[in-house]
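Working through the structure, step by step
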Amino acid sequence: MSSSVLVCFLGFLLSIGVTPILICKLGLYLVAATVEIYLLCYFSESLIDASEGVSSAAYEMNWFGADQGFKKMLIIIAIRAQKPVFLKATVFLDMSMTTMTMFLQMSYRFFCVIRTMYA
């Protein structure tokens, strides 16, 4: 939420008349803030994709000739891997590319509201 407000205000400051040097500074700050959120969401999405493949990878192993202890461990791994792993931003929010989309939508909505109030 706070990142959305930050990006919103940076975009707003860029949209009103400011000096060229301030435009460069604010533009770089806007890009850095957006890239920071993007990287978190991208790597979280990669983690989700990788964790979804753990169960099938355990099943596809050559477990037919293995001993009972190894087979039981593979079953436990397969059962635990049924639920994908998420990076959490808060208790309620799982980071993913869907989160990035929500972040950009919220930032744009805030920007439109502030821009409308300013005009």
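Since we're looking at a predicted model, the values are computed, not measured.

Below, the discussion takes up the packing of helix α1 (residues 2–15) against helix α2 (residues 20–52). Running from amino to carboxyl end, α1 crosses α2 at an angle of 155 degrees, the nearest separation of the two axes being 10 Å. Relative to α2, the element α1 is oriented roughly antiparallel. Considering only the axes of α1 and α2, their crossing is left-handed. For the pair formed by α1 and α2, the contact residues are Ser3, Leu6, Val7, Leu10, Gly11, Leu13 and Leu14 on the first element and Ile23, Leu26, Gly27, Tyr29, Leu30, Ala33, Thr34 and Ile37 on the second. Along the lines of polarity and charge, the residues of the contact of α1 with α2 split into 11 nonpolar, 4 polar and no charged.

The subject of this paragraph is the packing of aromatic side chains. Summed over the entire model, instances satisfying the criterion amount to 4 aromatic pairs. Aromatic pair Phe12 and Tyr118: ring centres 5.1 Å apart, planes at 80 degrees, arrangement edge-to-face. Residue Phe12 is found in helix α1, and its partner Tyr118 is found in helix α5 (residues 97–118); the two are separated by 106 residues along the sequence. Classification of Phe12 as buried rests on a relative accessible area of 10%. Judged by its relative accessible area of 52%, Tyr118 falls in the exposed class. One aromatic cluster in this structure is built from Tyr38, Tyr42 and Phe43.

Reading the values: rules and limits
Each chain has its residues counted from 1, running along the sequence as written. For a predicted model such as this one, the threshold for reporting local features is a pLDDT of at least 70, and the threshold for listing and counting side-chain atom pairs is 80 or more; totals across whole chains, interfaces and linings nevertheless cover every residue. The side-chain numbers reported here are obtained from all heavy atoms of the structure, hydrogens and water having been left aside. Fitted lines through C-alpha atoms give the axes, limited to the stretch in contact for helices. The angle between two N-to-C directions lies from 0 to 180 degrees. Helix and strand assignments follow DSSP, with helices taken as H or I runs no shorter than four residues and strands as E runs no shorter than two, numbered in order from the N terminus. Here is the rule for angles: anything less than 35 degrees is roughly parallel, anything more than 145 is roughly antiparallel, 65 through 115 is roughly perpendicular, and the remaining ranges are oblique. In this scheme, a crossing is called left-handed if the near helix is turned counterclockwise away from the far one by less than a right angle; it is called right-handed if the turn is clockwise. Should any heavy atoms of two residues lie within 4.5 Å, those residues are counted as being in contact. Under the scheme applied here, ten amino acids are nonpolar (Ala, Val, Leu, Ile, Met, Phe, Trp, Tyr, Cys and Pro), four are charged (Asp, Glu, Lys and Arg), and all others, including Gly, are polar. Paired rings are identified among Phe, Tyr and Trp, the last through its six-membered ring, by centres lying within 6.5 Å, and are further divided according to the angle between planes into stacked (under 30 degrees), edge-to-face (over 60) and tilted (the rest). A 1.4 Å probe rolled over the protein chains alone gives each residue an accessible area, and that area as a share of the maximum for its type sets the label: buried under 20%, exposed over 50%, partly exposed in between.

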